[in-house]
Structure formats: C-alpha cells, structure tokens
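Listed here are the chains, written in short residue letters.
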Amino acid sequence: MEASPLRPTAQHLRRALFGAALLQALLVYAQPAAAPKPYPSPRHAYPSPRYELTAPELPDAPDEWIDRSIQWVNDILDSYGPDVVEHPVRRAALIRLDDILHIDSAPAKTLVQQFYRARIEKAVKEIEATRVTSGMRIWKLYNHGFFVRTPSVSFTFDIVPGTRAPGFEVDAKVLERLAGQSDALLISHMHNDHASQIVAKLFLDRKKPVVAPEGLWSGQDIAARLIFPKPSATTIHEIPIQNGRQVLKVVVYPGHQGARVTNNVQLLTTPDGFTVVHTGDQSGAEGPGSDFDWIANIGYQHPVDLLMPNCWTTDMQRVARGVDPKLIITGHENEMGHAVKDRRGYTQTYNHLFGSHYPFIVMGWGESYYYPK
Ligand SMILES: [Zn+2]
Ligand SMILES: [Zn+2]
C-alpha cells in the first residue's frame, strides 16, 4: 500500500516539535539558576533582585495573630512617634505590618480593613484639630498620599480612598472632611492608586484646584475642570488657592513610570518658603537622556526641605542626591491593590535607604511628623 503523503509530513512535524521542546529545555537548563532559597514564599516564586532581603510570606495567617499584632503595632506607633533618630521598636512594628500586609488575602481581611480605616480617620481628626504656627507638619495617608500643612497653606498629593478590594476604603464623609482641610490636590499620574475622580470632585466642588498630569481622564467632563501645567524643569507655575488669597508655586518635572506612563514629579514651594518634592511613581531608565538628567539638578535649582519618594523609585539614593533634601519621608509602601509580589514593604524601604547620608523617616498610615524651620 502506498504510503499516505500525509505520513512523512506528520513525522517531520513530530520530530520538529520534539526538537523545539528539547532546545527549549536546554535553553532553560543553560540559564544560570537563581540559588534556591530554603524558605519558599510567594515572592520567591518571582526571582528578582527587588525581592531580595525580604522575609518569607504566608498565603494566610490566624486572625488571632493578626489582631494581636495590629493592636501592638498601633500601641508602638502611638508611643514612639516618627523621628530622624528612630526608636528601634518602630522598625520592628513596621516590619510586623509588612508580615500582615503581605498575606495574599490581607486586602479582604476585616481586621486589616478596620486597621486601615481607623488610622486614616484618626489622621483626619488630627488634621482638623491641628493649627501649624511655624514649621511644617506632614501626614502620611494611604499609599503615596500626603497632607502637608504650614502656617499659611495646606495641600495634598495623590489622595485616594483606598484600594479596589471591597471594604478597603475610607468612608466618603472622611474624604469630604479631608478635602475641607486642604487648599489643593496635586495628582502625579493616572494610576488609580494615585488618582481618584471621587477625591478630585470633592476638591473641585469646594472650588479648590486639582493639578493633574496631561491627558488625565481625557474625554470626560471632569477633565475640563483640572489644571494641567505643562511639564518643564524650568517653569514655575503659580496656582492660586484660598480664593486667590495665597499662591502655591509648582514646578512640574516631566517624569515617567517605566517607558510609557507620564508621571509628574512635583516641586511645590509654599508662601512661607517651604519646598517639598513628591515623586509620584517615578521609575525607569538611568544613563544619559534619562530623567536623571533633570533629577540630578533639582537640588541645584531649588533648596528642598522635604523629598517624598515612592519607596521603589529607581535608585532612591541617587534621586536623593539629585534633590538634596533636608529630609526624606518615603511613600508607597504596601499598596494593597498590587499582588503580593509587587507590594513593596517597609523592609525594602529600609534596605534602599541603608547608608543614606540624608536623614529619613519611615511612617505608617496616618502618622505625622513635625518639620521645624
Ligand atoms: Zn503608577
Ligand atoms: Zn503607584
């Protein structure tokens, strides 16, 4: 019987497939394998230098341990406030928070949600009760959100209600009270752990300016109400606040998150002469032609009091040398909308700033620090 013309073809195909599989297996084998860790955790399933020096994690943990830990963390943070010379027990408390917040299901846990809401509500209550007569007080809210108050003005960066897990957000009334206390909202970039239409509307409805990156919410009605200063390392924009009684001076640096996302790195100077820099999710390339060309000159152009970097920015200490601030307060730890592998913790912040010549402070949600002048 004559061989089917299909037969040799099928054989060839099988051989080719087998060859490709073998080649692939050899290629995988040829790659230098990361040294296996004896303590597997979700993070170590994704070998990357970014996950080095972090403790192993568990998919879940008993509520009893979470509850006791949270009570202890609250007690420690309340008893030992943030300071440039940090009491060691604060670091222990923040790293215990990492342990809790890096449980896969942490964003959905009632205990964690209650802890988050209570800390933000406490901060808003404090903000309402705090008058600043000299210096500057800085509250760290959720993720990379900050509230800053000086004797003359109050302003906020990247305020969002929480994260997308149902129940992991502060009450609308709390956000209204926060907007009532702040003269302006500055948004670094479009990602929803930084930009919230709900929050922006609260500011706009109170005739308070919302400064936004070009293209934010384009095509939607709200976009017409936002201020889009053109990013430039050399332009100082004047943003009137308090119905024109005061002005915030803002430089919007043309930053990026990765190669594609536009991210405003914002330098703000208050009428009383305090200058702060908020980086948004600044990250990406180094080398000539990269954003470091202008990051390297920020401190040369402006004397900076406070730098608020995202804790995973590309080479935080290089950013600090460029900005040359008197103080660093980090942000963006434990953004709960990210999967555990991308939930950067306080542990990593301490690692990134190890050996820093710049004083730095690491704060939990809702904590504040008084910066004297
Ligand atoms: Zn982002
Ligand atoms: Zn972010």
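Residues numbered from 1 in each chain as written. Chains lettered and ligands numbered in written order. Predicted model: local features only at pLDDT ≥ 70, side-chain atom pairs only at ≥ 80, totals over all residues.

> Quick rundown of unusual backbone geometry? Include the residues and the values.
With a phi angle near 45 degrees, Asp 158 is a residue other than glycine that sits in the positive phi range. On the basis of neighbour count, Asp 158 is assigned to the buried category, with 29 C-beta atoms found within 10 Å. In this structure, Asp 315 is a non-glycine residue whose phi angle is positive, near 50 degrees. Note on placement: Asp 315 falls in the loop between strand 10 (306–308) and helix 9 (316–323). (Buried ≥ 20, exposed ≤ 12 C-beta atoms within 10 Å, placed from the backbone. Helix = DSSP H or I, 4+ residues; strand = E, 2+ residues; numbered from the N terminus.)

> Residues and numbers for the sheet that holds strand 13 (residues 368–371), please.
One open sheet accounts for six strands, arranged 5-4-3-2-1-13; its pairing is mixed. At either margin of the open sheet sits one strand with a lone partner, and together these are strand 5 (210–211) and strand 13. Relative to strand 4 (residues 185–186), strand 3 (residues 154–157) runs parallel, the two being bridged by two bridges. Looking at the pairing, Phe 157 lines up with Leu 186 of strand 4. (Pairing = 2+ DSSP bridges.)

> Describe helix 6 (residues 197–205), with residues and values.
Every α-helix carries 3.6 residues per turn, so stepping three or four residues along brings you back to the same face. Regarding helix 6, the residues found buried are Val 199, Ala 200, Leu 202 and Phe 203. Relative to the axis of helix 6, the buried residues are bounded by an arc of 155 degrees and lie together on one face. The outward face of helix 6, more than 90 degrees from its buried face, is lined by the exposed residues Ile 198 and Asp 205. Of the surrounding secondary structure, the elements contacted by the buried residues of helix 6 are helix 5 (172–181), strand 4 and strand 5. (Arc of directions from axis to C-beta. Contact = placed C-beta atoms within 7 Å.)

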